[in-house]
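Observations on the three-dimensional arrangement
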Amino acid sequence: MATPLQVFSVFLASFIFMQTPGNSQTCPDCFTRSRAAHYPNSEEKGTETGSCGFGTFGATVNGGDVSAASELYRNGLGCGACYQVRCIDSNYCSDKGVTVVVTDQGAGDRTDFILSKRAFARLAQTTDAAASILPLGVVDIEYRRVSCTYPDKNITIKIEESSNNPHYLAFVIWYQQGKRDITAVQLCETQNFVCKLLDRTHGAVWTTTSPPRGPLQIRMLLSVDDGDETWVVPVNNIPENWKAGDTYDSGIQVDA
């Protein structure tokens, strides 16, 4: 029979494991401790040259409350994900913090996030408090993933400027919603419904050579860590005469 000391040791080990900051899969809604910096030379909003490939959208989406991520970038899989970030100094920091969208890759001094200056300032309780934490450059934080919500926007397909109809198609997906990752994308012909998996070349950019002729349907596989996967089929198709630089409304929103 186990002694009381052995029972207590097992309980204590289990408690420590459950409280480990990186154990987010055990408690997906719990906060993880880390550090956050801000872009040192940026304007108030984010950068238009972020690694996700969002361009100007990556600097201005979510009102400019955006961030570069290090490990959470996940080779581009983390692009478009949303996180609640709050600093932990009660003298300056608000309880709510700020919700940011990952639009870039970057790492600083043991940081998980490099926030836009706008987002970094919104960690603070007041404007005066923001003026105090901005010069710090780096603060201790805690974060958790949250659902991305864009009430007035559907998921949107932005055709990259490098695209050339009908020889090459590259695009990014704007207004990714919910807490799921886009782990795969299919491009389907709308006449005979033959589909092909696309390549994620970098960040959030999906590409294919010799895309099918005619109207195109883009299907997205939305996944979560527990293995649950759902194929999402847009209401609207990409027209046959698609052009580089154009945007196309999918006609759908995703809540989960």
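Just above, that's the structure.
Here is a short report on the structure shown in this document. (Residues numbered from 1 in each chain as written. Predicted model: local features only at pLDDT ≥ 70, side-chain atom pairs only at ≥ 80, totals over all residues. Heavy atoms only, no water.)

Once that is clear, we can look at the pattern of salt bridges. With the rule as written, the count across this model stands at 11 salt bridges. When the shortest N-O distance is used, the salt bridge between Arg-74 and Asp-181 registers 2.8 Å. Taken together, the positions of Arg-74 in the loop between β2 (66–69) and β3 (82–87) and Asp-181 in strand β9 (residues 181–189) put the pair 107 residues apart, joining distant regions of the chain. For Arg-74, a relative accessible area of 28% gives the class partly exposed. (Salt bridge = Lys/Arg side-chain N within 4 Å of Asp/Glu carboxyl O. Helix = DSSP H or I, 4+ residues; strand = E, 2+ residues; numbered from the N terminus. Buried < 20%, exposed > 50% of the residue type's maximum accessible area, 1.4 Å probe, protein only.)

Enumeration according to the criterion identifies 5 disulfides in this entry. Note on cysteine connectivity: Cys-82 is disulfide-linked to Cys-148, with sulfurs 2.0 Å apart. Between Cys-82 and Cys-148, the S-S torsion sits near 120°, and that sign places the bridge as right-handed. Taken together, the residues Cys-82 in strand β3 and Cys-148 in the loop between β6 (138–146) and β7 (156–159) connect sequence positions 66 residues apart. Take Cys-82 and Cys-148: they sit in the same class, and that class is buried. At a sulfur-sulfur separation of 2.0 Å, the disulfide partner of Cys-87 is Cys-93. The sign of the -120° torsion about the S-S bond sets the Cys-87-Cys-93 disulfide as left-handed. No difference in accessibility class separates Cys-87 from Cys-93, as the two residues are buried. Taken in sequence order, the bonded cysteines of the protein link in the pattern 1-2, 3-4, 5-8, 6-7, 9-10. (Disulfide = S-S within 2.5 Å.)

Before going further, it helps to spend a moment on the environment of Glu-189. Examined against the element boundaries, Glu-189 turns out to sit in strand β9. On the accessibility criterion, Glu-189 (23% relative accessible area) is partly exposed. Beyond its immediate chain neighbours, meaning those up to four positions away, Glu-189 contacts Val-194, Pro-212 and Pro-215. (Contact = heavy atoms within 4.5 Å.)

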